[in-house]
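Chain residues, written in single-letter form:
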Amino acid sequence: MKTIIEETYEGMSRMAARIVADEIRKKPDMVLGLATGGTPLGMYKELIRIHKQEGLDFSRVITFNLDEYYGLSPDNEQSYHYYMYENFFKHINIKPENIHIPDGTVEDINEFCEEYDREIQRVGGIDLQVLGIGRNGHIGFNEPGDELITETHVTTLTEETRIANARFFGKLENVPEKAVTMGLGTIMKAKKILLLASGREKAGIMSELLSDTNVTTKVPASFLHLHPDTTVIMDRDSAMELLAKKL
Ligand code: GLP
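Caption draft 1: Geometry of the overall build of the protein. A count of helical and extended segments in the protein gives eight helices and ten strands. On C-alpha atoms alone, the protein measures out to a radius of gyration of 17 Å, which is about the 18 Å that the 2.2 N^0.38 rule sets for 247 residues. Overall, the protein is about 50 × 40 × 35 Å in size when its C-alpha atoms are taken along their principal axes. The buried share among the 247 residues of the protein stands at 55%. Here the protein displays about 11300 Å² of accessible surface, and carbon together with sulfur accounts for 49% of that area. Distance between charge centres in the protein, computed from 28 positive and 39 negative side chains, equals 7 Å.

Caption draft 2: View of the site of the ligand. Of all residues adjacent to the ligand, which total 13 residues, the nearest are Gly38, Thr39, Asp67, Arg167 and Lys202. In the model, a nitrogen atom of the ligand is placed 2.9 Å from a nitrogen or oxygen of the Asp67 side chain. Within the contact set of the ligand, an oxygen atom lies 2.9 Å away from a side-chain nitrogen or oxygen of His138. Taking 390 Å² as the accessible area of the ligand by itself, protein coverage stands at 95%.

Caption draft 3: Geometry of the side chain of Thr63. Its place among the elements puts Thr63 in strand β3 (residues 62-65). Not counting the four nearest positions on each side in its chain, Thr63 is found in contact with Leu32, Leu34, Phe89, Ile94, Asn98, Ile99 and His100.

Caption draft 4: Quick peek at the packing of helix α1 (residues 9-26) against helix α2 (residues 41-54). Running from N to C, α1 and α2 cross one another at 50 degrees; their axes reach a closest spacing of 8 Å. Compared by their axis directions, α1 and α2 come out oblique. When the axes of α1 and α2 are compared, the crossing they make is right-handed. Contact residues: Tyr9, Ser13, Arg14, Ala16, Ala17, Val20, Ala21 and Arg25 in α1; Leu41, Gly42, Met43, Glu46, Leu47, Ile50 and Glu54 in α2.

Caption draft 5: Broad picture of the packing of aromatic side chains. Summed over the entire model, instances satisfying the criterion amount to twelve aromatic pairs. With 5.6 Å between their ring centres and 90 degrees between their planes, Phe58 and Phe88 make a pair best called edge-to-face. Pair noted here: Phe58 is in the loop between α2 and β3 and Phe88 is in the loop between α3 (80-87) and β5 (99-100), with a separation of 30 residues, a long-range link. Take Phe88: its relative accessible area is 1%, and that puts it in the buried class. Ring geometry for Tyr80 against Tyr83: centres 6.4 Å apart, planes inclined by 70 degrees, an arrangement best described as edge-to-face. Highlighted residues: Tyr80 and Tyr83, both in helix α3, separated by three residues, approximately one helical turn. When its relative accessible area of 12% is taken as the criterion, Tyr83 is described as buried. Taken together, the aromatic side chains of Tyr44, Phe58, Tyr69, Tyr80, Tyr83, Tyr85, Phe88, Phe89, Phe141 and Phe169 make up a single cluster linked through ring pairs.

Caption draft 6: Structural view of the sheet that holds β5. In spatial order, the strands read β1-β10-β9-β6-β2-β3-β5; together these seven strands make up an open sheet with parallel pairing. Where the open sheet ends on each side, the last strands, each with one partner, are β1 (2-6) and β5. As defined by bridge partners, β1 adjoins strand β10 (residues 230-235) across five bridges and the pair is classed as parallel. Paired with Ile5 across the strands is Met234, a residue of β10. Where helix α7 (residues 203-211) meets the sheet, its contacts fall on β1, β9 (192-197) and β10, and the angle it forms with β10 comes to roughly 145 degrees.

Caption draft 7: Broad picture of the side chain of Asp127. Relative to the helices and strands, Asp127 resides in the loop between α4 (109-122) and β6 (128-131). The exposure class assigned to Asp127 is buried, which follows from its relative accessible area of 10%. At a separation of 2.8 Å, a polar atom in the side chain of Asp127 contacts the main-chain amide nitrogen of Val31. A polar atom in the side chain of Asp127 sits 3.2 Å from the side chain of Lys191. When residues no more than four places from it in sequence are discounted, the contact partners of Asp127 are Lys27, Met30, Val31, Lys191 and Lys192.

Basis of the calculations
Residues numbered from 1 in each chain as written. Predicted model: local features only at pLDDT ≥ 70, side-chain atom pairs only at ≥ 80, totals over all residues. Heavy atoms only, no water. Helix = DSSP H or I, 4+ residues; strand = E, 2+ residues; numbered from the N terminus. Rg over C-alpha atoms; globule rule 2.2 N^0.38 Å. Buried < 20%, exposed > 50% of the residue type's maximum accessible area, 1.4 Å probe, protein only. Areas by Shrake-Rupley, 256 points an atom, 1.4 Å probe, with all protein chains shown as cover. Lys, Arg positive; Asp, Glu negative; His and termini not counted. Charge placed at Lys NZ, Arg CZ, Asp CG, Glu CD. Near = heavy atom within 4 Å. Polar contact = N/O pair within 3.5 Å; in protein donor to acceptor, adjacent residues only side chain to side chain. Contact = heavy atoms within 4.5 Å. Axes fitted to C-alpha atoms, helices over the stretch in contact; angles between N-to-C directions. Parallel < 35°, antiparallel > 145°, perpendicular 65-115°, else oblique. Left-handed = near helix turned anticlockwise from the far one by under 90°. Phe/Tyr/Trp six-rings, centres within 6.5 Å; stacked < 30°, edge-to-face > 60°. Pairing = 2+ DSSP bridges.

What follows is the structure, given as structure tokens:
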């Protein structure tokens, strides 16, 4: 795992956007895996700037989002659908038919999940997957546990994750209890992975993740140690504990 530490959140965001933009320039019809949450917001802002000022072309890019809350319709302001259109898609020239986001409202959700993985394979697999990380080490919504599920699936959120995400919902009771997420296998099949971390609240998990190369289902992100091409980009705040250990 290659690790890059940037001084600031803006620096982390610019570096991430540059890597994504370079990949799109190299392969204009690339398959891009996308994440939500607070962390990638700066990267999306910078990618929009590159699109507007430098003409980065998204017209042939195909995207697959990592996850979505179960039961939230796409027009719900807390849904990841809404987040993606507001913060990214409506500002760039991506084709709506090239956008894929799990739908947490379909009747046959298991069939939907299987089809999501099949569709990723049909377009040739994910070239670059962007990830954030939960404070408990989750990626997508793959929560720590005794086992991890490989395929896209419906999962139950931990109390810790619901509390962390309550800031977007006003209060804890409003946070859905379930979500649809790419599985660990879906994520690990991506040819290249970019893991972003920012802020002091991620310092503990980043130190745990990067202090050794062990793999455990208790820290789902630790499986990235097995991936051949993962780059971690952190800001200094999230690298604080790791740097303190190394001194
Ligand atoms: C959320 C999302 C993840 C995200 C993580 C961190 O629950 N499901 O995809 O990476 O938790 O979120 P944030 O960037 O807001 O800290």
